[in-house]
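# Descriptive analysis of the structure
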Amino acid sequence: MEIRAEHVVKIYEDAPTPTIPDLSLTIKDGELFTLLGPSGCGKTTLLRIFAGFNTLEGGEFYFDDRPMSSVPPQKRNIGMVFQNYAIFPHLNVRENVEFGLKMRKTPADEMKRRVDEILKTCKIEEYADRLPDRLSGGQQQRIALARAIVINPGVLLMDEPLSNLDAKLRIEMRTTVRELQKQVGITTVYVTHDQEEALSISDRIAVMKLGVIQQINNPMDIYLRPYNTFVASFIGFSNLFYGTVESVEGKTVKLNDDCILTIPELVDDVVAGQRVIVSMRPNEFTYAEKGLGMRVISSTFLGQNMCYKVEFIDSEALELEDENEIDEPMNYLQRRLADNEVVHIIPMADKVNVFTEDGEQSLIKGVTRNG
Amino acid sequence: MDKARIRVKWKPDFWFWTTLAITLVLILFLVYPLITLFVRAFQSSTGEFTLANFEKFFTHAYYMRGLYNAMFIGVVVTVFSIIIGAPMAYLMAMYRFKGQRMLDILIIIALLSPPFIGAYSWILLLGRNGFISNMLKVVGIKLPSIYGIPGIIFVLILRFYPYVYIYMKGALQKIDASLIEAAESMGCGPVKKLFTVVLPLILPTILAAAIMVFMSAIGDFGTIMVLGEGAQVLSTMVYKEYINEVGGNSNFASAISLIMGIMTLVFLFAQNYVINKRSYTMNALKPIRKSNFSKGMGILAYAAVYAIIIISMIPHVTILVTSFLPVEGKMFRAGFSLASYQTVFSMLGRPIKNTFVYCFIAIVVIVIVSMLVAYASVRKPNALTHFINGVTMVPYILPGAVLGLTLLISFNRDPLVLIGTSTIIIIALIIRRLPYTLRSATAIMYQLSPSVDEAAISLGCGPVRTFFKVTARLMLPGVFSGAILSWVTILNELSASFMLYNSKTITMSVTVYQYVARTEFGTAAALASILTLTTIISLIIFYTMSGDREMSL
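Here we take up the overall build of chain A. If you tally the helices and strands in chain A, you get eight helices and 21 strands. For chain A, the C-alpha atoms occupy an extent of roughly 75 × 45 × 35 Å along the three principal directions. Relative to its 371 residues, chain A shows a buried fraction of 56%. For chain A, long-range pairs separated by at least 24 residues make up 68% of all intrachain contacts whose partners lie at least 6 apart in sequence. When the accessible surface of chain A is totalled, it reaches about 16,200 Å², and 48% of it is carbon and sulfur. The average position of the 41 basic charges and that of the 56 acidic charges among the side chains of chain A differ by 8 Å.

Structure below.
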């Protein structure tokens, strides 16, 4: 089932500005689509609009061309998985999974067959007769998943389903969710604030901020070619520098006199002297004799790499979250830099991203908001 | 935003109609009677506006005496209830105590028994012809009189200290052990710890309990009717003035009631003001571990706690024992007899039946209304739910006699005459005891995650069906703890029913009072025993069914 939202508006009476001012997107049939963003970005609000638990104050959305906003939630044929699982504590595992089928008056033999099957798929058949309160978080989430999928919903909505699990289980359940979703082939909207989870699980991601979609694309393109500085720094870490376009034909951007980058993917409609922002991931650099000078503030050993908190001393770096940082993979590490040591680096010109001075728009060829 | 159409699509749903219906019922049976009371207080017997009723009250020493008595009794009972209840709660919460569960039940029984049973059995023991007084008279000791103000105070303290105990024990159990340990780690000794950490944390609770005791004490009716012997307080005056007033327009009784109502309101607001300023939400992740007594302290603590509880239980034992004594004329004889019970069952079938029928209907209505209102006010709050929650607090603090009077003066004339019907008694019981269940239902509702409802809805279960199939089912255990309190206090309700009963609608507690007043103690004892036994059985059922759940007040 395809989900299409057109100019959706959400206004809460007690909020000064609309939570979602004007949002349009299309989620393709069978894809796992993630809404990703910091808290308050409207991702859960949008999901709950799809579910019918929030009203919308403007626009409309469609499940396969059928307008849905006036259909009551119980008639939308959706499966929903909640952050706190929302298992019915007074029903045992089997009764929980049966609930939706009973509402649909499914014949007993068919119900049994379908429940048995889904319990097996979700690896909870051995707990079928137990009450849920004695089961672990992971098991409860499997029940919630089974309960949502067994009714063959048109759309599966998942609201931060893994955030209450511990780190190890979370990674295990990610795979489970992904595999189950592909197996059933159901259109899924997945809400999370965990960027790593979003990158690993999704077919496509919509990064949201203040109710506005910042970028929609597949995980790799989102990471490598962010549309604006918000996406660049929300997904992974980026060091940001002000620079100036030196030559439009040569596609050069100057960060300081010793660091002029030739950026092959730079768009053509820039003008010489235009101020831009250059973003560099912590590992996208090489050491150099001259370049961007930086002083090491502190270093942290993280196992696979060494992470340095640094201060850039002779360039216009934007400070994000107090400090800038660079990473060096351990297998390339020559020696650990000492605190207060000053070294110079050159960003990798083919990897860095360039944005307009206000950070709102990418200046790299082919990078658009809607992928 | 241009393309966005702003839609307003509110349409009344099930919850709107439900809360609207409940609101209208409350307006009819609570707000309208209160307004009537207010209007009557300012009316002369011919219906003109006057301040004469208040002038009469404030210029006659007799009435001012009643006001003074009520305040004096209220203050003294409150102070002593804290002095007894607070240390008991502290000991029981901080130390291992043998027989704790039984003691808890006994304390609750002391609180929830029929209101004047204490008074009446102390007369049997310490009255002019009392069992103990007579014994001591032989040895030549003369006890102070149990009649009058000192006796009333004594009996009320024994009845109301359990409020302080129950409130405070609950609060102590919510203190996180790590707070105490943190204090200790910073070198805070046991006494200092008590005064710098524990007491400040539970001070709001103590205040809440204090106001509860105070309002119960000044609103008390039965004890003072039985023990007063001429000593009047406001609540008994309301009744007497109502009975005495010629013409039956009850304007002066209304004025006294209004004064009482305003008094309780003032205290309630004062309490809310103090508590809101310094209230802490605590929910112990790690409850305080009880320690063992040192030997000397142990003996002292056990002696004190058991002594108090034994004294509180004396009235109940007395009543049970005397209900099995043979009666000759109005005097008890030694021996064993079921004669009192025979009298009860042959002559008093009606009050027994009335009590159970009224209470059953009332509790069913209370539970259903509470669950609906709690759901609506937590999940779909609107002006109506705010209104309902606000007005239902009024009967929580309003003395029963006043509530009874408001109904009495509102429904004794056309267009709606309900006085003398069982309907009006049941309505009084519902309105008076609804707050307990409503509060516990609201509390449990806040703990239930909305996503459980939403899960049911997303699975195809309509919202109203979800309420009955899932939410109501999950609310029940929490509602139960309030409902048991409503049930037990309905069983033993006296002051409002006393204003409203007639020979057809009389209940057990009113009958007990009548027989006490006629000094037919045997019958009274048998009837009171049945009442107490029902209370105890109800409490036992509650404790067995609810496992470790505490009674919520």
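Moving on, there is more to tell.
Detailed reading of the predicted coordinates is not advisable wherever pLDDT is low. Per-residue confidence for chain B averages 84 on the pLDDT scale, and 94% of its residues sit at or above 70. Every residue in residues 1-7 of chain B is under pLDDT 50, and counting partners more than four places away or in other chains gives 19 contacts.

Residue and element names in this part refer to chain B. As a packed pair, helix H3 (residues 61-94) and helix H13 (residues 295-323) sit with axes 11 Å apart at the nearest point and diverge in direction by 130°. As judged from the angle between their axes, H3 and H13 are oblique. The interaxial crossing formed by H3 with H13 has left-handed handedness. Across the interface between the two elements, Ile-84, Met-88 and Leu-91 from H3 touch Met-297, Ala-301, Val-305, Ile-308 and Ile-309 from H13. Classifying every residue of the contact of H3 with H13 by side-chain character gives eight nonpolar, no polar and no charged.

Residue and element names in this part refer to chain B. Between its terminal C-alpha atoms helix H19 (residues 422-447) stretches 37 Å, which fits the 38 Å expected from 26 residues at 1.5 Å a residue. At Leu-434, H19 shows its maximal kink, close to 45°; a proline, Pro-435, follows between one and four residues later. Of all 26 residues making up H19, 20 are buried, and the element is well covered by its neighbours.

With that settled, consider unusual backbone geometry. At Asn152(A), a position not held by glycine, the phi torsion is positive, near 50°. Mapping Asn152(A) onto the fold places it in the loop between helix H4 (137-149) and strand S7 (155-159).

To continue, consider the domain arrangement of chain A. Residues and elements named next belong to chain A. Its domain assignment divides chain A into domain 1 (3-224) and domain 2 (232-356). Contacts between the two partners involve ten residues from domain 1 and, on the opposite side, five residues from domain 2. Of the roughly 670 Å² buried between domain 1 and domain 2, counting both surfaces, carbon and sulfur atoms make up 64%. In terms of surface lost to domain 2, no three residues of domain 1 exceed Gln-195, Tyr-223 and Leu-224, which account for 62% of the buried area on that side. Counting across the domain 1 and domain 2 interface gives three residue pairs in polar contact (both at pLDDT 80 or more).

For the rest of this paragraph, the subject is the environment of Thr392(B). Residues and elements named next belong to chain B. For Thr-392, the location among the structural elements is in the loop between helix H16 (383-391) and helix H17 (394-397). Here the alpha-carbon distance between Thr-392 and Met-499, two residues 107 residues apart in the chain, equals 20 Å. Once residues within four sequence positions are removed from consideration, Thr-392 is found in contact with Leu-26, Leu-434, Pro-435 and Leu-438. Within the structure, the side chain of Thr-392 is placed 3.4 Å from the backbone oxygen of Asn-389, a separation counted as a polar contact.

Let us now look at the sheet that holds strand S15 (residues 285-288) of chain A. Residue and element names in this part refer to chain A. Pairing within the open sheet is antiparallel, and its five strands lie in the order S15-S20-S16-S17-S19. The strands lining the two open edges of the sheet, one partner per strand, are S15 and strand S19 (324-329). Adjacent strand axes in the sheet meet at a mean angle of 50° when their direction is disregarded. Inspection of the sheet shows strand S16 (residues 292-301) paired to strand S20 (residues 342-347) by four bridges, in the antiparallel sense. Paired with Gly-293 across the bridge in S20 is His-344.

Okay, the pattern of salt bridges next. Residues and elements named next belong to chain A. Taken as a whole and judged by the stated rule, the model has 26 salt bridges over all chains. Two residues, Asp-116 and Arg-94, come together in a salt bridge whose shortest N-O distance is 2.7 Å. Residue Asp-116 is located in helix H3 (residues 108-121), and its partner Arg-94 is located in helix H2 (residues 93-103); the two are separated by 22 residues in the primary sequence. Taking the relative accessible area as the measure of exposure, Asp-116 reaches 27% and is therefore partly exposed. For Glu-110, the salt bridge identified is with Arg-114, shortest N-O distance 2.9 Å. Note that Glu-110 and Arg-114 are positioned in helix H3 at a spacing of four residues, about one turn of the helix. When its relative accessible area of 27% is taken as the criterion, Glu-110 is described as partly exposed.

The subject of this paragraph is the packing of aromatic side chains. Summed over the entire model, instances satisfying the criterion amount to 38 aromatic pairs over all chains. Ring geometry for Phe14(B) versus Phe468(B): centroids 6.3 Å apart, planes at 70°, classification edge-to-face. In this pair, Phe14(B) sits in helix H1 (residues 14-41) while Phe468(B) sits in helix H21 (residues 463-491), placing the two residues 454 residues apart along the sequence. When the centroid spacing of 5.0 Å and the interplanar angle of 85° are considered together, the rings of Phe498(B) and Tyr513(B) count as edge-to-face. Of this pair, Phe498(B) sits in helix H22 (residues 495-500) while Tyr513(B) sits in helix H23 (residues 508-517); the two residues are 15 residues apart in sequence, bridging distant segments of the chain. A cation over an aromatic ring shows up here: Arg147(A) above the ring of Phe88(A), its NZ or CZ 4.7 Å from the ring centre. In this structure, Lys56(B) packs its charged tip against the face of Phe252(B), placed 4.0 Å from the ring centre.

Contacts between the two partners involve 25 residues from chain B and, on the opposite side, 31 residues from chain A. A combined buried area of about 2,400 Å² lies between chain B and chain A, and 63% of that area is made up of carbon and sulfur atoms. Measuring nitrogen to oxygen at the nearest pair gives 2.5 Å for the salt bridge that ties Arg48(A) to Glu454(B). Here chain B is connected to chain A by four residue pairs in polar contact (both at pLDDT 80 or more). Per-class residue counts for the side of chain B that touches chain A are twelve nonpolar, five polar and eight charged.

Reading the values: the criteria
Residues numbered from 1 in each chain as written. Chains lettered and ligands numbered in written order. Predicted model: local features only at pLDDT ≥ 70, side-chain atom pairs only at ≥ 80, totals over all residues. Heavy atoms only, no water. Helix = DSSP H or I, 4+ residues; strand = E, 2+ residues; numbered from the N terminus. Buried < 20%, exposed > 50% of the residue type's maximum accessible area, 1.4 Å probe, protein only. Contact = heavy atoms within 4.5 Å. Areas by Shrake-Rupley, 256 points an atom, 1.4 Å probe, with all protein chains shown as cover. Lys, Arg positive; Asp, Glu negative; His and termini not counted. Charge placed at Lys NZ, Arg CZ, Asp CG, Glu CD. pLDDT = per-residue confidence, 0-100. Axes fitted to C-alpha atoms, helices over the stretch in contact; angles between N-to-C directions. Parallel < 35°, antiparallel > 145°, perpendicular 65-115°, else oblique. Left-handed = near helix turned anticlockwise from the far one by under 90°. Nonpolar A, V, L, I, M, F, W, Y, C, P; charged D, E, K, R; others polar. Expected span 1.5 Å × (residues − 1). Bend = angle between axes of the 7 residues up to and from the residue. Domains from an automatic or database assignment. Buried area = accessible area lost by both parts, 1.4 Å probe. Polar contact = N/O pair within 3.5 Å; in protein donor to acceptor, adjacent residues only side chain to side chain. Pairing = 2+ DSSP bridges. Salt bridge = Lys/Arg side-chain N within 4 Å of Asp/Glu carboxyl O. Phe/Tyr/Trp six-rings, centres within 6.5 Å; stacked < 30°, edge-to-face > 60°. Lys NZ or Arg CZ within 6 Å of the ring centre and 35° of its normal.

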